[in-house]
Structures are given as C-alpha cells and as structure tokens.
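Residue-level structure breakdown
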Amino acid sequence: MMKILLVGSGGREYAMALKLREGAEAVELFAAPGSDGLAELGTCLSYGVEDVEGIAAWASEHRPDLAILGPEAPLVAGVGNALRALGVPVFGHNAATARLEGSKAFAKDFMERHAIPCAASETVTDLAQGEALIHAWPHPYPIVLKADGLAAGKGVVLAATREEALETFRNFMAGQFGEASKTVVFEEPLVGMELSLHVLVDVKADHAHYALLPACQDHKRIFEDDLGPNTGGMGVFGPLPFLKAEDVERMRRELVIPTVQGLQKDGLDAQGVLFLGVMWTPQGPKLLEYNVRFGDPETQVLMQLLDEDLAQLLLSVAQGRMERDSVTLKPGCAIAVVLAAEDYPEGAKKGVPIAIQSPRSLVVHAGTRKQDGQWVTNGGRVLNLVAQAPDLAQARAQVEADLDQVTWPGRQVRRDIGLKALCHAQAGKGVADAWGQA
Ligand code: AMP
Ligand code: GLY
C-alpha cells in the first residue's frame, strides 16, 4: 500500500487522485485540505495549502511514501523544502525553483540569462520610472503590465491605452496585490496562438532529465469566442490537432532544453513539472511565463492522455531517478469542459444544488460541497466534464452530449472549447498560419 499526501483541493487534484488510484499498487490517499469530492477518494486533512508547519508535522508522524504538491502557493511557501528535509519524496519544486512562477521579474531574468525567446520587458520598482516608461512606450499597444508576485491569476493586465496603463500601474504600486504588485514587469504584447506545454523535470547537479507531455490549449475568457473577462480557464483540450512533430521539436529546442540546462547551470534543483505558457508568434514560439505546477484544467486532459502508472512516474521524479525522456500516451484527444458557477469570475454563487444524472463523460469535482447528501456549488469552477476520444471532434461531441446531464440554475459553460483549433485544422492550416481568422 502506497501512502500518498496530495496538497490541494481543486479539479486538478481530483483528476490526479483518480489517476493515482489506477496504478498497480493500491494507494492510501491523504489530501490537504482536500474537498468533499476528494473525501470520497481518500482522507482529508484540515491543513491549508500554505501551512508548512502543519503539513510537515503530519508528514513527520505519518511518513508518506510520496507527497504531491498541486498548486503554486505551497511550492512558493516552501512546503517542498520542509517535506524534503524530513526525507519525504516530493513531487513539487523547492521554493527557490518555484520563484519561476512566484516572481515574474525572476522568471524574466532567467529567460534572458538563458537566451529563451520571450517578450521584450523591463522591470520597474519606482513610480516615476514606470510613468516615464508608459509615456515613452517603445512598443505597440496594449502595454502588458504584470505584478511581480502571485496575484491569484489577476496580476496581468493588457492596457489598451496610456490612461489605462497609468491607472493600472499606480494601483499596482499602491499595493493592489500587496508587496506582490510593488514590482512590475512591463512587456511588449505578443500576438499569436497560445498553448500550454507541460514538462516533467528531474534536475540536480549531476543529472538533468525531462519529458514533454502533450501540448494543450486552454480557453481563458469566460464567454464563447474568447470574449469577456479572464478566468482560471474554462476548458482545455489536447493535443493540438495541427501541431506537427517538427513544431514540438522546435519548442523542445528553443524553449525546453535551454530551460532545463538553465536550471542546472543556476543550481536550481527541480523535481516536479514546469508548465510553459507559450505564444506561437509569426517569429515562432515565445515563452509567456513559467508555472511550476500542473495547469487546471490542463491536468484533467493530461491525466486522460497519460498511459502510465502515475504514482510510479511521479515517485521516480520525486526520487530524482526519472532517467527517461518521454512518457507513454494513449492515442487520440482529450477535452475538459468547465462548468462554472453563476457570477464567475467576479464571484461565485455558492450553495446551489447540482443535478447530476448519468453522463458518459468523467465528472471531475473542482468546487463542490456535499450538503445533506446533495452536491452543491462551492467555488467558481464547480465541475468538469472530461472525455477522451479518437479525435477532437468526437471528444467535443461526447461532452456536448453530456451537458444536460450535469446542471444547476445559473451554470456557465463554453460550448466552443477546441472549436477554433478544430476549424484551423480542418482548413488545413498549421501553427504558423494566422490564428483565429477565417
Ligand atoms: P499569466 O497570469 O502570466 O498567466 O498571464 C495571463 C495571460 O496574459 C496569458 O495567458 C496570456 O494570455 C496573456 N499574456 C501574458 N503576457 C503577454 C504578452 N506579453 N503579450 C500578450 N499576452 C500576454
Ligand atoms: N489553466 C491555466 C492555469 O492553470 O494556470
């Protein structure tokens, strides 16, 4: 019996928990803090994801065989360091490496130091300096402003006008996101097609192994046709049907290898995953950002596509013995469609009863709670419907057929997940062709 501690509570962790249970060895799962959904797959522990001392104390007493850190916050807070100090194998980076997500200024320095293609940028810590930069902006609009630190996905603003840039910048410097926004990265806008590239990484002073996972595509805006405000992600599919092997090779050569080598050169150990936000521009792939964790809902898709014993795979990374450069995949395509609460992303109407009939698609719990035996909404992204099929069109059709099977009043859903990519592929277009134009 393998004892696994999983830190987190969302759809990503639920999807991983399901996959962990499919391995050869039986799994005893503990989730911190978990959720009512995860409570059906294991035991929930009442520690917050950033409760370094509480989680370490539990691990010290219960000695898990593997700890998996889901979200960025525990990584940045040093939960990985604390568990490693106890001798627990951890899938998830130490705090030093987690700065690649925890500080956008640090990440940009890293990209520039290792010659990784990315947007031209300038890091500003002074009000007058930033205002002068906005007044003499040397790139096209919009001006991209990024709060340096973690800001719950709200720290990136694409300002369409000088006035909007000034207002955003002043709010950041006044502490809109506390210390996290008192350092601001200004970037030129990148135009093209965005994709999510996940890489398992096992890097230490004496070795550097990595394995690419299939490229996926997220849909960040709340409404169909990519309209409305940004969310954590309303749906993902993967792999991209028009992405050729040579395109993936180009990302490997230009983005992934310099990243892995850069980690080793900089003495940054890495035992976990890196999720590269990539913009495929007319000049080729450029790195938008690093995340030091699996994406949500990207994970829901990746877990469907992986033909691996997840616990053993992640354990090999955690123990610094991944020693391979690829993973085994199932053929076909997977899709995860998010069912979101009323008022999301500004808020989330909680406590609304959910009617779940019998969908064929996998139901992933993300923001639900059980109240007197009845599932109710309990977060912005409530549930995901996940399907795997021989191709994207069929995967889309399967989820579409299930949309009436899981409903509640006020539910929000995008029915166009993967549609743009499907049309692009059906028109015979490739990654270098103009994206999203008929
Ligand atoms: P992040 O919070 O860093 O994931 O950024 C949020 C989103 O902002 C990204 O997923 C992109 O869609 C967009 N973005 C970030 N940087 C740029 C850029 N330089 N140009 C255009 N869009 C960007
Ligand atoms: N779906 C995007 C993210 O996890 O950051």
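Here, every reference points to the structure presented above.
Note that this is a predicted model, so its numbers are computed, not measured.

For the structure on display, the rule yields 19 salt bridges. A salt bridge links Asp-226 to Lys-420; its shortest N-O distance comes to 3.1 Å. Note that Asp-226 is positioned in the loop between β13 (221–223) and β14 (227–230) and Lys-420 in helix α13 (residues 419–426), a separation of 194 residues in sequence. Its relative accessible area of 27% is what places Asp-226 among the partly exposed residues. Shared partners join several salt bridges into a network, and the residues in it are Asp-226, Arg-414, Asp-416 and Lys-420.

What follows covers the pairing of strand β10 (residues 193–204). β10 sits mainly inside the fold: ten of its twelve residues count as buried. Note: β10 against strand β11 (residues 207–212), six bridges, orientation antiparallel. Paired with Lys-204 across the two strands is His-207, which belongs to β11. Taking the residues that link successive antiparallel strands as the turn, the β10-β11 hairpin has two residues.

Turning next to the site of ligand 2. Near ligand 2 you find Asp-218, Gly-232, Phe-275, Arg-293, Gly-295, Asp-296, Pro-297 and Glu-298, and these make up its full shell. One nitrogen or oxygen atom from the side chain of Glu-298 is found 2.8 Å from a nitrogen atom belonging to ligand 2. For ligand 2, the protein covers 88% of the area, taking 200 Å² as the surface of the free molecule. Tallied by class, the residues present in the shell around ligand 2 amount to two nonpolar, two polar and four charged.

Spatial ordering of the open sheet is given by β11-β10-β16-β17, a layout of four strands whose pairing is antiparallel. Each having just a single partner strand, β11 and β17 (284–291) make up the two edges of the open sheet. Neighbouring strand axes in the sheet, compared pairwise and without regard to direction, differ in orientation by 35 degrees on average. Here seven bridges tie strand β16 (residues 270–281) to β17, and the two strands are oriented antiparallel to one another. Its bridge partner lying in β17, Trp-280 is registered against Pro-285.

Roughly 310 Å³ of volume is contained in the second largest pocket. Lining of the second largest pocket is provided by 20 residues; of these, Leu-213, Pro-214, Ala-215, Val-248 and Leu-329 occupy positions nearest its centre. If you tally residues by element for the lining of the second largest pocket, the top one is helix α9 (residues 245–265), at four residues. Here the residues of the lining of the second largest pocket are counted per class, giving 13 nonpolar, two polar and five charged.

Procedures and definitions
- Residues numbered from 1 in each chain as written.
- Chains lettered and ligands numbered in written order.
- Predicted model: local features only at pLDDT ≥ 70, side-chain atom pairs only at ≥ 80, totals over all residues.
- Heavy atoms only, no water.
- Salt bridge = Lys/Arg side-chain N within 4 Å of Asp/Glu carboxyl O.
- Helix = DSSP H or I, 4+ residues; strand = E, 2+ residues; numbered from the N terminus.
- Buried < 20%, exposed > 50% of the residue type's maximum accessible area, 1.4 Å probe, protein only.
- Pairing = 2+ DSSP bridges.
- Near = heavy atom within 4 Å.
- Polar contact = N/O pair within 3.5 Å; in protein donor to acceptor, adjacent residues only side chain to side chain.
- Areas by Shrake-Rupley, 256 points an atom, 1.4 Å probe, with all protein chains shown as cover.
- Nonpolar A, V, L, I, M, F, W, Y, C, P; charged D, E, K, R; others polar.
- Axes fitted to C-alpha atoms, helices over the stretch in contact; angles between N-to-C directions.
- 1 Å grid on protein atoms, 1.4 Å probe; cavity = no way out; pocket = protein on both sides within 12 Å on 5 of 7 lines; lining within 4 Å.
- Points joined across faces, edges and corners; volume = space filled by probe spheres on them.

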